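# Close look at the chain arrangement
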Amino acid sequence: MRNIDPGFVIIWFVVFLFSLSFHESAHAWTSERFGDDTGRLQGRITLNPIAHIDPIGTIVFPLFAILTSVPLFGWAKPVQTNPLLWREKTKANISVSAAGPISNFILMTIAFIILKILILTGIFTLNGNAATFYELVGPAPGQAAFLQPLSMFLGIMLLLNLGLGVFNLIPVPPLDGSHVLESLLPPQMADAYAQIRPFGFILLIALMYFGVFNQIYQPIVLLVLQALFAGRF
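Attention in this report is confined to the structure presented alongside it. (Residues numbered from 1 in each chain as written. Predicted model: local features only at pLDDT ≥ 70, side-chain atom pairs only at ≥ 80, totals over all residues. Heavy atoms only, no water.)

When you go through the protein chain residue by residue, the secondary structure sums to nine helices and two strands. Taking 17 Å as the expected radius of gyration for a compact globule of 233 residues, we find that the protein chain reaches 19 Å, a close match to that expectation. Residue burial in the protein chain is summarised as follows: out of 233 residues, 45% are buried. Taking the contacts inside the protein chain whose residues are at least 6 apart along the sequence as the reference set, 70% of them involve residues at least 24 apart. Carbon together with sulfur atoms contributes 69% to the accessible area of the protein chain, which is approximately 12,100 Å² in total. Of the side-chain charges in the protein chain, 11 are positive and 11 negative, and the distance between the mean point of each set is 6 Å. (Helix = DSSP H or I, 4+ residues; strand = E, 2+ residues; numbered from the N terminus. Rg over C-alpha atoms; globule rule 2.2 N^0.38 Å. Buried < 20%, exposed > 50% of the residue type's maximum accessible area, 1.4 Å probe, protein only. Contact = heavy atoms within 4.5 Å. Areas by Shrake-Rupley, 256 points an atom, 1.4 Å probe, with all protein chains shown as cover. Lys, Arg positive; Asp, Glu negative; His and termini not counted. Charge placed at Lys NZ, Arg CZ, Asp CG, Glu CD.)

Should the charged atoms of two oppositely charged side chains come close, the side chains can pair. In the structure shown here, the tally under the stated rule is three salt bridges. Across the pair Arg40 and Glu32 runs a salt bridge whose closest N-O atoms are separated by 2.6 Å. Take Arg40: its relative accessible area is 44%, and that puts it in the partly exposed class. The closest approach of N and O atoms between Glu182 and Arg197, which form a salt bridge, is 2.7 Å. Note that Glu182 is positioned in helix α6 (residues 176–184) and Arg197 in the loop between α7 (187–194) and α8 (200–209), a separation of 15 residues in sequence. Residue classification places Glu182 among the partly exposed positions, given a relative accessible area of 22%. (Salt bridge = Lys/Arg side-chain N within 4 Å of Asp/Glu carboxyl O.)

Considering only enclosed or pocket space, the second largest pocket measures out at about 580 Å³ in volume. In terms of lining, the second largest pocket is formed by 25 residues, of which the most central are Glu24, His27, Pro78, Pro174 and Asp176. At the level of elements, α1 (6–33), α4 (89–120), α5 (147–168), α6 and α8 are the ones that each hand at least two residues to the lining of the second largest pocket. Per element, the largest residue contribution to the lining of the second largest pocket is four residues, and it comes from α1. The residue makeup of the lining of the second largest pocket, split by class, is 15 nonpolar, eight polar and two charged. (1 Å grid on protein atoms, 1.4 Å probe; cavity = no way out; pocket = protein on both sides within 12 Å on 5 of 7 lines; lining within 4 Å. Points joined across faces, edges and corners; volume = space filled by probe spheres on them. Nonpolar A, V, L, I, M, F, W, Y, C, P; charged D, E, K, R; others polar.)

Structurally, the position occupied by Asn161 is in helix α5. Among the polar contacts made by the side chain of Asn161, one reaches the side chain of Asn104 at a distance of 2.9 Å. If we ignore the near neighbours within four places in the chain, the residues touching Asn161 are Val15, Ser19, Asn104, Leu107, Met108 and Ile156. (Polar contact = N/O pair within 3.5 Å; in protein donor to acceptor, adjacent residues only side chain to side chain.)

This is the structure:
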């Protein structure tokens, strides 16, 4: 097990729980906008993580991954929907599926804006001693000590939600991107595409193990970081 700052693990896990809760609430809220109140009746339109936790996917896998650097991923308890209640079913399926990743990009954008303001005002700066992408931004010399956990919180909020958003757009079942793609395909192609659903979990493990996701994610991270520090250095 690698040497990890306990404070970093706690902040990372808090952000992770909040981000998953926001993601799942967005699914349920959007489904209700199209006439399906299943999520609300099941108490899923809430930021309370207890309503969304899957013991394995939300706790065991993510903590094991962050403590060991093993390329695993996490998930929350899926929001149940009743497509029979949807108005404009194709539009509803795309919107409900896309709502999760969009919610993560919203959180990412909020963190980006706050960090950008703090960098432009000189309160935060590039952290030359960073061990991870999450810690690249830190308080400038002479700033108050309490800003260190704040910079870590915002850095994790930015990059974790970027990762969740991008990951969930991958068109492999059961990820949100697969539902969007299936809705856009012609019926015959959609039926053929649906045949890979039983093998989706295996495909995702393979994508993580062989570093395919990192090849997609890391260039996007670099672009975001370049935009974050543009105009300051």
